[in-house]
Amino acid sequence: MIDVNAQMHVYEYLGKENDPLYNNITQLKVNQSIQIPETKMQITKTRFGMYEIVSAEQHECYSTAQSLYEQINALLNAISLERL
């Protein structure tokens, strides 16, 4: 039996540098936004260099692309597990 909670994200093997989500986040320019359809979230890089997540349920800021990426990965993993 496979424990889905113990499975690793494919980009943990390939490296986050190969993850399109990570690349989109790190390439954001000031006041530029991207949408993440699976979560209905919008990510914006603010003029202060912060990464802002906005959705109907949350509004948070992260100081680094890495911390934002980790949070979004956790959310996407949770969504995937809910669908199983």
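In this text the structure is predicted, and so the values were computed from the model without any measurement.

Procedures and definitions
Residues numbered from 1 in each chain as written. Predicted model: local features only at pLDDT ≥ 70, side-chain atom pairs only at ≥ 80, totals over all residues. Heavy atoms only, no water. Helix = DSSP H or I, 4+ residues; strand = E, 2+ residues; numbered from the N terminus. Buried < 20%, exposed > 50% of the residue type's maximum accessible area, 1.4 Å probe, protein only. Contact = heavy atoms within 4.5 Å. Areas by Shrake-Rupley, 256 points an atom, 1.4 Å probe, with all protein chains shown as cover. Polar contact = N/O pair within 3.5 Å; in protein donor to acceptor, adjacent residues only side chain to side chain. Pairing = 2+ DSSP bridges.

S.K.: How would you sum up the overall build of the protein chain? Please name residues and give values.
M.R.: Summing up its helical and strand segments, the protein chain has 3 helices and 4 strands in all. Beginning at the N terminus, the succession of helices and strands in the protein chain can be written as α-α-β-β-β-β-α. In the protein chain, buried positions account for 31% of the 84 residues. In the protein chain, the proportion of contacts linking residues at least 24 apart, taken out of those at least 6 apart, comes to 30%. For the protein chain, the accessible area works out to roughly 5900 Å², and carbon and sulfur atoms hold 52% of it.

S.K.: Explain the environment of Asp19 to me, and be specific about the residues and the numbers.
M.R.: Looking at the element boundaries, Asp19 is found in the loop between α1 (10-14) and α2 (20-26). Of the polar contacts made by the side chain of Asp19, one reaches the backbone nitrogen of Leu21; its length is 2.9 Å.

S.K.: Break down the pairing of strand β1 (residues 33-36) for me, with residues and values.
M.R.: Residues of β1 alternate between two faces, with Ile34 and Ile36 buried on one and Ser33 and Gln35 left unburied on the opposite face. Taken together, the 4 bridges between β1 and strand β2 (residues 41-45) define a ladder with antiparallel strand orientation. Bridge pairing in β2 places Ser33 opposite Thr44. Where β1 hands over to β2, the hairpin turn is made up of 4 residues, of which Lys40 adopts a positive phi near 60°.

All quantities given are derived from atomic positions and should not be read as evidence of function.
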